[in-house]
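# An overview of the molecular structure
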Amino acid sequence: MPDAADEFADLADLARASGLTEPLRASRQVVRTADGQEIAAIRWGDAGREARIAYLHGLGIDAHSFDQAALALGEPAVALDLPGHGRSGWRDDADYGAAVTAPTVLAALDALDVPPGIVVGHSLGAILAARLAALAPERVTGLVLVDMSPDFAQRAVDRIARALEAEEPFASLEQVVDRAVEARVGDDRAVLLREARHTTRLGADGRLVRRHHFPHLPAGRTSSVGRFVDAWPDLEALGVPILLVRGDRGYVSPKLHAQFAERLPDASIVTVPARHAVQNQAPLELAAAIRAWAGDNGLLHPDEKPSPDGTGRR
């Protein structure tokens, strides 16, 4: 498992895989918000360059899931570990619904000096991104939803949370990967191994446990991740460009795709070859989709131009 010394040790390999010669630098930051919550983040870019993108990951993973996409896009950014995830603090009430965590995340963005810009959210992070935009519309110039629609079945959302709570410790990283393959999270073992390294730590008995809160709840306690359908009023009230990037084998089925397009006819929708974790499985395609959409909507910084293949600065 990566520690503070080697947390970013493999970024050079990710940059090469993205065809980058001058990749963004990454550093770890931790802030404490006024409500007493500790939020950890990865800052992409050199000191003094404003982060124009905020990345919000999905349920049960962490900020590192956006590493290669952030490198490929090449824009200064901040990727948060959501409350209860990664290196961020846990809530005593185990309520990680967007309505509850949005004020904390907004306070963390303030503490990190993140100016108004694009918010990119995956899965639970997408629902949270919509809530942020509704609470603080002045902060959001564009919204990117990664493989999530508010119409995704709530019973499936709750089932995923219960499965995370029931997860037993692991004997090895390979076992973490095996379980992910069995659960059809993905089939690229190298990608899954990297995710396993970042989302686990050594437990007291020497076995691997997840960093996130869910499997550590006291007996008889359950978590909450809120009602995803509640994001519709937030999305329908927004006056900024919206992009949905869905995986062709992800959670936004063709039926949900059609419903999303009907309710938000002005939104852009791009489909890429991936399962649900698009940012892990198709990071270059995700970066290209965001860059093209941002460019079309005038959201890019005027002194930065896309590279010839649309994946980032060279």
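Just so you know, these numbers come straight off a predicted model, no measurement behind them.

So, how was this worked out
Residues numbered from 1 in each chain as written. Predicted model: local features only at pLDDT ≥ 70, side-chain atom pairs only at ≥ 80, totals over all residues. Heavy atoms only, no water. Core = buried A, V, L, I, M, F, W, Y, C linked by side-chain atoms within 4.5 Å. Buried < 20%, exposed > 50% of the residue type's maximum accessible area, 1.4 Å probe, protein only. Contact = heavy atoms within 4.5 Å. Helix = DSSP H or I, 4+ residues; strand = E, 2+ residues; numbered from the N terminus. Pairing = 2+ DSSP bridges. Axes fitted to C-alpha atoms, helices over the stretch in contact; angles between N-to-C directions. Salt bridge = Lys/Arg side-chain N within 4 Å of Asp/Glu carboxyl O. Phe/Tyr/Trp six-rings, centres within 6.5 Å; stacked < 30°, edge-to-face > 60°. Lys NZ or Arg CZ within 6 Å of the ring centre and 35° of its normal.

## Some points on the nonpolar core
- Grouped together as the largest cluster of nonpolar side chains are 53 residues, with contacts concentrated most on L56, L80, L143, L235 and F260.
- For F260, the contacting residues outside a window of four places in its chain are L145, S149, W232, L235, I242, L244, A267 and I269.
- Formed by 35 residues, the second largest nonpolar core is a distinct cluster that contains A63, A72, L243 and A289.

## Comments concerning the environment of A136
- Residue position: A136 is located in the loop between helix 4 (124-135) and strand 6 (140-146).
- For A136, a relative accessible area of 5% corresponds to the buried category.

## Let's talk about the sheet that holds strand 3 (residues 53-56)
- If you trace the eight strands from one edge of the open sheet to the other, you get 1-2-4-3-5-6-9-10, paired in mixed fashion. One side of each edge strand has no neighbouring strand; the edge strands of this open sheet are strand 1 (26-32) and strand 10 (268-272). Averaged over all pairs of adjacent strands, the angle between strand axes in this sheet comes to 20°, irrespective of strand direction.
- Taken together, the four bridges between strand 2 (residues 38-44) and strand 4 (residues 77-80) define a ladder with antiparallel strand orientation. Across the sheet, the residue bridging to A41 is L80, located in strand 4.
- Relative to strand 9 (residues 242-247), helix 11 (residues 283-296) is tilted by about 160°, and along the sheet it contacts strand 5 (117-122), strand 6, strand 9 and strand 10.

## Regarding the pattern of salt bridges
- Scanning all chains against the criterion turns up 20 salt bridges.
- Across the pair R189 and D178 runs a salt bridge, and its minimum N-O distance is 2.8 Å. Note that R189 is positioned in helix 7 (residues 189-199) and D178 in helix 6 (residues 173-182), a separation of 11 residues in sequence.
- Look at R189 and you get partly exposed, because its relative accessible area is 36%.
- For D178, a relative accessible area of 33% translates into the label partly exposed.
- One network of salt bridges, with partners in common, ties together E7, R28, D81 and R87.

## Things to note about the packing of aromatic side chains
- All chains considered together, the criterion is met by four aromatic pairs.
- Consider the rings of W232 and F260, whose centres lie 5.9 Å apart with planes at 40°: the pair is tilted. Separated by 28 residues along the polypeptide, W232 in helix 8 (residues 231-236) and F260 in helix 9 (residues 254-263) bring together distant segments of the chain. Considered together, W232 and F260 belong to a single accessibility category, that of buried residues.
- Cation over ring: R263 sits above W232, and NZ or CZ is 4.3 Å from the ring centre.

## Regarding the environment of R131
- Assignment of secondary structure puts R131 in helix 4.
- On a C-alpha basis, the gap between R131 and A41 in space is 19 Å, while along the polypeptide they are 90 residues apart.
- Excluding anything up to four places from it in sequence, R131 contacts A98, A99, A102 and D234.

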